[in-house]
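Secondary and tertiary structure notes
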Amino acid sequence: MAAKKYLVPMSRPDINGDDQQAVLETLQTNYLSIGPRIQAFEQSFLDYTGASHAIGVNSGTSGLHLCVRAAGISEGDLVITTPFSFVSSTNVILFEHAVPVFVDVDPKTGNIDPLQVKQAAADITSNDPEKLNKWLPRKHTKKTYSLKAILPVDVYGQPADYDLLQETAGDYGLTLIEDSCEALGAEYKHKKAGRFGNFGVFAFYPNKQITTGEGGLVITDDDHYANMVRALRNQGRAPGDTWLQHTYLGYNYRLDELSAALGVSQMKRINKLLEKRDRVANWYNTKLDAMSGVEKPFISPNTTKMSWFVYVIRLDKRFDRDKVAEKLDREGIPVRPYFLPIHLQPYMVNQFGYRSGDYPVTENLGGRSLALPFSGKMTESQVDLVCTKLSKCLRD
Ligand SMILES: Cc1ncc(COP(=O)(O)O)c(C=O)c1O
């Protein structure tokens, strides 16, 4: 089936001549994997974030998975996380047969509610089965569980509220894994996203702030965690292992040299790329200001720098979001219901018995959210067109 032609693309990577040259030059070398480009890409993240270690991987999902493995999270362990995210942040917990403990989100930012996280940690570790049960999914198999980690997500490019999350992790001895896959370059109280947890993870799919085609990267200040992530991404080879020695059960989660070369070239102009996205978001902010029934993205005062990944509006409850999305699609404007709650995805309902109503704030946001076409390459007239069509679809 031919792909539908839209008036404006949902997103577009920002690729210039230097990016193309960097990839072409890589093709002319003998190193298409495990070469100097991945090292240079990792170095660019050390410089940008100030972290002690940066480990490039072949997707954000694989990066998150390696953090879960490196933290020793396994069957019967609990990880506090958010149901308002892209599925990967929960899936990596399930890959290890651990159990996600969902905590609802802040209605303004859509980020995990740190007060509820604190309460969940207190209840789960209280030795009171009734308090524990309040947080467990309806269908669970064990009587006892061990709380191991918190996995917050920096939703839409806005950091979660880290002060209390860090305090709770410290108080209960929990590993903090920061899913910054949507938030490269964002800042919470003037500190970069990805720097608040024991691990921070970024992703570089083509709609992200920078792209490597597919790709991801883990940062950490912990030497042991860094060694584990490096070993596990490379088929379980520990430092000192030969090509055919595998200390651990590992994966091939390596980022290839072509992708890394693109990443190095993109990171050279990260500030410019973020500025272009800022400009587009500001056009949307201005043009949607007076549109009735449309709630613009809320930026917390703690977010000292927003890193626009997507531009997501919320429709007033008098509108049927899915109908508006269909109308826009017919008008040639692609939109997405970003996010659909994770706990209501069919595989989650099957495994854990979740129901509508379990996480009301997440469900409310999930039912009203609409991601509009967005990229740093959008022109002001494209933003105008989207807003005009949106206004028409809300009126008709
Ligand atoms: C919040 C979040 N976590 C994880 C990921 C996974 O990244 P990837 O698609 O590179 O595996 C994404 C990707 O969109 C994401 O938005």
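Residues numbered from 1 in each chain as written. Predicted model: local features only at pLDDT ≥ 70, side-chain atom pairs only at ≥ 80, totals over all residues. Heavy atoms only, no water.

Overview of the overall build of the protein
The secondary structure content of the protein amounts to 14 helices and 13 strands. Its C-alpha radius of gyration of 21 Å places the protein within 12% of the 21 Å reference for a compact globule of 396 residues. When its C-alpha atoms are laid out on the principal axes, the protein stretches across 60 × 60 × 45 Å. Within the span of the protein, comprising 396 residues, buried residues form 56% of the whole. For the protein, long-range pairs separated by at least 24 residues make up 72% of all intrachain contacts whose partners lie at least 6 apart in sequence. Element-wise, carbon and sulfur atoms account for 50% of the exposed surface of the protein, whose accessible area totals about 17,300 Å². (Helix = DSSP H or I, 4+ residues; strand = E, 2+ residues; numbered from the N terminus. Rg over C-alpha atoms; globule rule 2.2 N^0.38 Å. Buried < 20%, exposed > 50% of the residue type's maximum accessible area, 1.4 Å probe, protein only. Contact = heavy atoms within 4.5 Å. Areas by Shrake-Rupley, 256 points an atom, 1.4 Å probe, with all protein chains shown as cover.)

Quick notes on a nonpolar patch on the surface
Where nonpolar side chains cluster on the molecular surface, the patch consists of Leu24, Leu27 and Leu32 and spans about 270 Å² of accessible area. Looking at the element boundaries, Leu32 is found in the loop between helix H1 (17-27) and helix H2 (36-49). (Patch = residues over 30% accessible without salt bridge, like charges linked within 9 Å, V, L, I, M, F, W, Y side chains within 5 Å. Salt bridge = Lys/Arg side-chain N within 4 Å of Asp/Glu carboxyl O.)

A look at the sheet that holds strand E6 (residues 187-188)
Spatially, E7-E6-E11 is the arrangement adopted by the three strands of the open sheet, whose pairing is antiparallel. Sheet topology places strand E7 (191-192) and strand E11 (303-305) at the edges, where each strand pairs with a single neighbour. Strand direction decides the pairing type here: E6 and E11, joined by two bridges, are antiparallel. By the bridge assignment, Tyr188 is partnered in E11 with Thr303. (Pairing = 2+ DSSP bridges.)

As for the pairing of strand E9 (residues 216-220)
In terms of residue burial, E9 counts as a mostly covered element, since five of its five residues are buried. Looking at chain direction, strand E1 (residues 53-57) and E9 are connected through five bridges and run antiparallel. Bridge pairing links Gly56 to Leu217 in E9. In terms of strand pairing, strand E8 (residues 199-203) meets E9 through five bridges, oriented antiparallel. Considered in E9, the bridge of Phe199 is made with Thr220.

Description of the side chain of Arg321
Relative to the assigned elements, Arg321 resides in helix H11 (residues 321-330). Overall, Arg321 belongs to the buried group, its relative accessible area being 6%. Beyond its immediate stretch of four places on either side in the chain, Arg321 contacts Leu315, Pro337, Leu340, Gly366, Gly367, Arg368, Ser369 and Leu370.

Re the site of the ligand
The immediate surroundings of the ligand are formed by 15 residues, with Gly60, Thr61, Asp179, Glu182 and Lys208 found nearest. Within the side chain of Thr61, an N or O atom sits 2.4 Å from an oxygen atom of the ligand. One of the side-chain N or O atoms of Asp179 is found 2.7 Å from a nitrogen atom in the ligand. Coverage of the ligand by the protein amounts to 91% of the 390 Å² it exposes when considered alone. Element by element, the count of residues in the shell around the ligand is highest for helix H3 (residues 60-70), at three residues. Of the residues belonging to the shell around the ligand, the class tally is six nonpolar, six polar and three charged. (Near = heavy atom within 4 Å. Polar contact = N/O pair within 3.5 Å; in protein donor to acceptor, adjacent residues only side chain to side chain. Nonpolar A, V, L, I, M, F, W, Y, C, P; charged D, E, K, R; others polar.)

Focus on the sheet that holds strand E12 (residues 311-315)
Reading across from one edge, E10-E12-E13 is the order of the three strands in this open sheet, with antiparallel pairing throughout. With one partner strand each, in any of the chains shown, strand E10 (294-295) and strand E13 (369-372) form the two edges of the open sheet. Across the sheet, H11 touches E12 and E13, and the angle it forms with E13 is around 20°. (Axes fitted to C-alpha atoms, helices over the stretch in contact; angles between N-to-C directions.)

What to know about the packing of helix H5 (residues 114-124) against helix H7 (residues 162-172)
Contact geometry for H5 and H7: axes closest at 9 Å, N-to-C directions at 10°. When the axes of H5 and H7 are compared, the pair comes out roughly parallel. For the pair H5 and H7, the contacting residues are Pro114, Leu115, Val117, Lys118, Ala121 and Ala122 in the first and Leu164, Leu165, Glu167, Thr168 and Tyr172 in the second. Across the contact of H5 with H7, the residue classes tally to eight nonpolar, one polar and two charged. (Parallel < 35°, antiparallel > 145°, perpendicular 65-115°, else oblique.)

Points about the packing of aromatic side chains
Evaluation of the coordinates by the stated rule reveals 21 aromatic pairs. Ring geometry for Phe102 and Tyr354: centres 5.6 Å apart, planes at 45°, overall tilted. In this pair, Phe102 sits in strand E3 (residues 99-102) while Tyr354 sits in the loop between helix H12 (346-352) and helix H13 (360-368), placing the two residues 252 residues apart along the sequence. Assigned by exposure class, Phe102 and Tyr354 land together as buried. Here Tyr162 and Tyr188 contribute two aromatic rings whose centre-to-centre distance is 5.9 Å and whose plane-to-plane angle is 90°, an arrangement assigned as edge-to-face. With Tyr162 in helix H7 and Tyr188 in strand E6, the pair connects residues that are 26 residues apart, well separated along the chain. For the pair Tyr162 and Tyr188, a shared accessibility class is recorded, and that class is buried. Here the aromatic residues Phe84, Tyr156, Phe309, Tyr338 and Phe339 are joined through ring pairs into a cluster of three or more. Above the face of the Tyr48 ring, Lys192 is positioned so that its terminal group lies 4.4 Å from the ring centre. (Phe/Tyr/Trp six-rings, centres within 6.5 Å; stacked < 30°, edge-to-face > 60°. Lys NZ or Arg CZ within 6 Å of the ring centre and 35° of its normal.)

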